[in-house]
Amino acid sequence: MNEDGVRPARFTASGARSRISPAGTAVAELAFCLPDLPDVRDFAAAQAVRSGMSQDGLADFLVALNEVATNAVTHGHTSAKAMLRMWTVGRTLVVEIHDEGQWDPGPSPGETPPGPHATSGMGLWVARMVSSDIKFETGAAGTFITMSFKV
């Protein structure tokens, strides 16, 4: 990442969704695979700070982001490719992670805490606990998980 938080050209993404958010604001995008997760965290941290996120909020934000991004490239689809999109709406940072996989998230994924000795299955619960809001959408275009964080 350079000093402006910009990824090298290999991370530039083009896809079916536009570079304008649903709120009409500019979107920061990053395509990634499993080996890119450290770059995903660096990119997202730079965008979050640029959006006004405090250092206190940054740690929880990065935990949630890492959990959902890791799920996307380990459970998403055999292509193991995913897309991170970030934008702000007022004082809210919106983060969308898209992969090409499909699943049945059930009525409310991540609402049940993991068991006392669980070693996996905590990611969506953690993301739900530290985000302001989390939404799940899955269908023919893949899975979209959208989280909101106050900045």
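You'll find the structure just up there.
What counts, and at which threshold
Residues numbered from 1 in each chain as written. Predicted model: local features only at pLDDT ≥ 70, side-chain atom pairs only at ≥ 80, totals over all residues. Heavy atoms only, no water. Pairing = 2+ DSSP bridges. Helix = DSSP H or I, 4+ residues; strand = E, 2+ residues; numbered from the N terminus. Buried < 20%, exposed > 50% of the residue type's maximum accessible area, 1.4 Å probe, protein only. Contact = heavy atoms within 4.5 Å. Axes fitted to C-alpha atoms, helices over the stretch in contact; angles between N-to-C directions. Parallel < 35°, antiparallel > 145°, perpendicular 65-115°, else oblique. Left-handed = near helix turned anticlockwise from the far one by under 90°. Nonpolar A, V, L, I, M, F, W, Y, C, P; charged D, E, K, R; others polar.

S.K.: Quick question: what am I supposed to make of the pairing of strand 4 (residues 133-139) here?
M.R.: Every other side chain in a regular strand lies on the same face of the sheet, so the side chains alternate between the two faces. Where strand 4 and strand 5 (residues 142-150) come together, 7 bridges link them in antiparallel fashion. Bridge pairing in strand 5 places Thr-138 opposite Thr-143. The hairpin turn running from strand 4 into strand 5, its antiparallel successor, is 2 residues long.

S.K.: Please clarify how helix 3 (residues 123-130) should be interpreted in this entry.
M.R.: Owing to its 3.6 residues per turn, the α-helix aligns residues three or four sequence positions apart on the same side. Listed in full, the buried residues belonging to helix 3 are Gly-123, Leu-124, Val-126, Ala-127 and Arg-128. Buried residues along helix 3 sit in contact with helix 2 (55-75), strand 4 and strand 5.

S.K.: Looking at this structure, I do not really get the packing of helix 1 (residues 37-50) against helix 2. What am I missing?
M.R.: The relative placement of two packed helices is expressed as an angle between their axes plus a distance between the axes. Where helix 1 meets helix 2, the closest approach of the two axes is 10 Å, and the angle between their N-to-C directions is 140°. Comparing their axes, helix 2 and helix 1 come out oblique. By crossing handedness, the relation of helix 1 to helix 2 is classed as right-handed. Contact residues: Leu-37, Val-40, Arg-41, Ala-44, Ala-45, Ala-48 and Val-49 in helix 1; Gln-55, Leu-58, Phe-61, Leu-62, Leu-65, Asn-66, Ala-69, Thr-70 and Val-73 in helix 2. Its residues assigned to classes, the contact of helix 1 with helix 2 shows 12 nonpolar, 3 polar and 1 charged.

S.K.: Can you walk me through the sheet that holds strand 3 (residues 92-99) in this structure?
M.R.: Backbone-to-backbone hydrogen bonds pair the strands of a sheet. The strands run either parallel or antiparallel. Here 5 strands make up an open sheet; going across it, the order is 1-2-3-5-4 and the pairing antiparallel. The outermost strands of the open sheet, each flanked by one partner alone, are strand 1 (28-32) and strand 4. Strand-to-strand twist in this sheet, taken as the mean axis angle between neighbours without regard to direction, amounts to 15°. Relative to strand 3, strand 2 (residues 82-89) runs antiparallel, the two sharing 8 bridges. Within the sheet, the bridge partner assigned to Thr-88 lies in strand 3 and is Leu-93. In the packing of helix 2 onto the sheet, the strands contacted are strand 1, strand 2, strand 3 and strand 5, and the crossing angle to strand 3 comes to about 15°.

Read these as layout, nothing more, since geometry by itself doesn't imply function.
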